[in-house]
Amino acid sequence: QRQEGPPACVACGGASTGYNYEAPSCLPCKTFFRRKVLEEKVYPACFKDGMCSKNESIRPCKSCRLDRCINGGMNPLLISGVKNPDVNPIVQRVLRRRANYESERSVATTSADAQAVAVVLTINPIVIECLMDKIIGSLVHLEHATHELRVSSQIDPQVKNGYRLNTVLAGPPVLSSTVLNVFTPPQAPIPESQMSEIQMLMHKLQLWGIIDLYISIEYMKTFNFFNGLSHDDKRTLVLHAAVMCAHLTHTYFSYENKSDRTIFPDGISLLRGCFYPDEELDRLIFNGVIKILRDLDIDKKEYVLLKAIIVCNPAIDGLSTSHKVEIENERLKFARSLMSYVLCRRGTDKGPAAFTEMIAVIDILTRLAKRHKNWHVLCLAMQSTLVVVREPSLINDVFAPHLHK
């Protein structure tokens, strides 16, 4: 178990700001490590014969500072933007170091000193593997429950009276409840008979938008750390992650059903051009992210781990400092599980690149969610017919929180 507060920075020995790339470090050393990985910078050997790396009282040269970052456990695969991990010299150095460690550990544990070595090793690899299986199994089970709720008629988001984000946050968790009420679809502000064909399509799509937002919030409420957050922190986390989770949910549903465009459980599918004039938003929602998942050949276990990482983001502006360490620990738990599973499934040759590309999907979903919110606010401001729900509602609370308080 980690300490409540992270220890000193592994590179400079100063006060750390948290766990960055799996190791306690300060912001300058985190930035230094990230910059050198992205630059693929390799320094010559220390001109002091490594003395500044061994002696913490001496200010380290750049070569020794990078050595301290690597030896302290910083993981370059968690850095967003690493383009070619298979040839990146720092990534390969870390992988070789870990491979050598595993080789040395294997030899040591078969020697006469095996018992003494076992005392030095703080975690048994078998325990790590079992823990990873437990984490993945739990998330797969949760995703199954989420999917069953999504495709069934058993949702009660109090839609008849117009439910709001605060109401959903304050309500009991639906996914952990054994009693589910019958779902009544949100009613349109105008009769369907008076809608045009495009209005009807957008109306049905927006109903799915509301449902997927609602289910994403309920999904987030199942995480143990979430229940310990203040109401403001819950709201902040939901405003950041719920739209991303909703997009990833219907994207993976479409991908899993081998569709080349975004589809929903009732057969509704998007038409190209629905989000014109924002062509980038239109492309990403129509099939852009589906194509990325297909190119990655992502499976269910990788998907559920990626979704959990999205929920656990300690870098969101507005979160209380007291909760950031706990959220960071949860994120590291899921990131390590994803990295271990990817390396196991794809091997050490293809695994690092695949892991990096999966983490990059989070940046794409972040950009997608931001553009989608901007488009929604613009439509509200212009009184566009593409937005059929203008009064305060869950979708407006999340997409335009400053307009609907």
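No experiment lies behind these values; they were computed from the predicted model shown. (Residues numbered from 1 in each chain as written. Predicted model: local features only at pLDDT ≥ 70, side-chain atom pairs only at ≥ 80, totals over all residues. Heavy atoms only, no water.)

## Describing the overall build of the chain
Rule in force here: Only DSSP runs of H or I reaching four residues or more are called helices, and only runs of E reaching two or more are called strands; each is numbered from the N terminus. Only protein chains enter the calculation, and the probe is 1.4 Å; a residue is then buried if its accessible area is under 20% of its type maximum, exposed if over 50%, and partly exposed in between. Here the open area of atoms and residues is found with the Shrake-Rupley method and a 1.4 Å probe, where only the protein chains shown may cover a residue.
Looking only at helices and strands, the chain has 14 helices and two strands in total. Of all 405 residues assigned to the chain, the portion counted as buried reaches 47%. A total accessible area of about 20600 Å² is found for the chain, and carbon and sulfur atoms account for 53% of it.

## Regarding the environment of I263
Stated precisely, the cut-off is as follows: Working rule for contacts: check all heavy atoms of both residues, and any pair within 4.5 Å makes them a contact.
Within the secondary structure, I263 sits in the loop between α10 (231-256) and α11 (279-296). Once the C-alpha coordinates of I263 and Y252 are considered, the two residues, 11 residues apart in sequence, prove to be 9.9 Å apart. Apart from the residues within four sequence positions on either side, I263 is in contact with H250, F253, S254, N257, I268 and S269.

## Considering the layout of surface pockets
What counts, and what does not: Cavities and pockets were defined on a 1 Å grid built over protein atoms only: a cavity is a set of grid points that admits a 1.4 Å probe from which the probe cannot escape, a pocket is an open set flanked by protein on both sides within 12 Å along at least five of seven lines, and lining residues are those with an atom within 4 Å of any such point. Grid points are joined across faces, edges and corners, and a volume is the space filled by probe spheres set on the points. Three categories are distinguished: nonpolar for Ala, Val, Leu, Ile, Met, Phe, Trp, Tyr, Cys and Pro, charged for Asp, Glu, Lys and Arg, and polar for the others, with Gly belonging to the last.
In this structure, the second largest pocket spans a volume of roughly 1000 Å³. If you trace the second largest pocket, you find 30 residues lining it, with K30, P314, A315, E328 and R331 closest to the centre. Looking at the lining of the second largest pocket, the elements with two or more residues in it are β1 (18-20), α1 (27-39) and α13 (321-381). Top element by residues in the lining of the second largest pocket is α13. It accounts for 12 residues. Taken together, the residues of the lining of the second largest pocket break down into 14 nonpolar, nine polar and seven charged.

## What to know about the confidence of the model for the chain
This is how the line gets drawn: pLDDT runs from 0 to 100 and stands for how confident the predictor is about each residue.
This prediction gives the chain a mean pLDDT of 76; 71% of its residues lie at or above 70. The secondary structure element of the chain with the lowest average pLDDT is helix α5 (residues 114-120), at 34, and the one with the highest is helix α12 (residues 300-311), at 95. When the criterion is pLDDT under 50, residues 108-128 qualifies, and its contacts beyond four places in sequence or with other chains add up to nine contacts.

## Comments concerning the packing of α1 against helix α3 (residues 62-71)
To keep it simple, the criterion reads: Axis definition: a line fitted to C-alpha atoms, over the contacting stretch in the case of helices. Angles run 0 to 180 degrees between N-to-C directions. Any angle between 65 and 115 degrees counts as roughly perpendicular, while under 35 counts as roughly parallel, over 145 as roughly antiparallel, and the rest as oblique.
The N-to-C vectors of α1 and α3 enclose an angle of 100°; their axes lie 10 Å apart at closest approach. By the angle between their axes, α1 is roughly perpendicular relative to α3. In contact with P28, C29, F32, F33 and K36 of α1, α3 contributes K62, R65, L66, C69 and I70.

## A closer look at unusual backbone geometry
The phi dihedral of K258 is positive, around 55°, even though this residue is not glycine. Position of K258 relative to the elements: it lies in the loop between α10 and α11. Residue class for K258 comes out exposed when judged on its relative accessible area of 74%. With a phi close to 55°, D297 is a non-glycine residue in the positive phi region.

## Remarks on the nonpolar core
For clarity, the threshold we go by: To form a nonpolar core, buried Ala, Val, Leu, Ile, Met, Phe, Trp, Tyr and Cys residues must be joined to one another through side-chain atoms within 4.5 Å.
Judged by nonpolar contacts, the single largest core of 99 residues is most densely connected at F33, L139, Y219, M220, F223, I298 and F334. For F223, the contacting residues outside a window of four places in its chain are L139, A308, V311 and F334.

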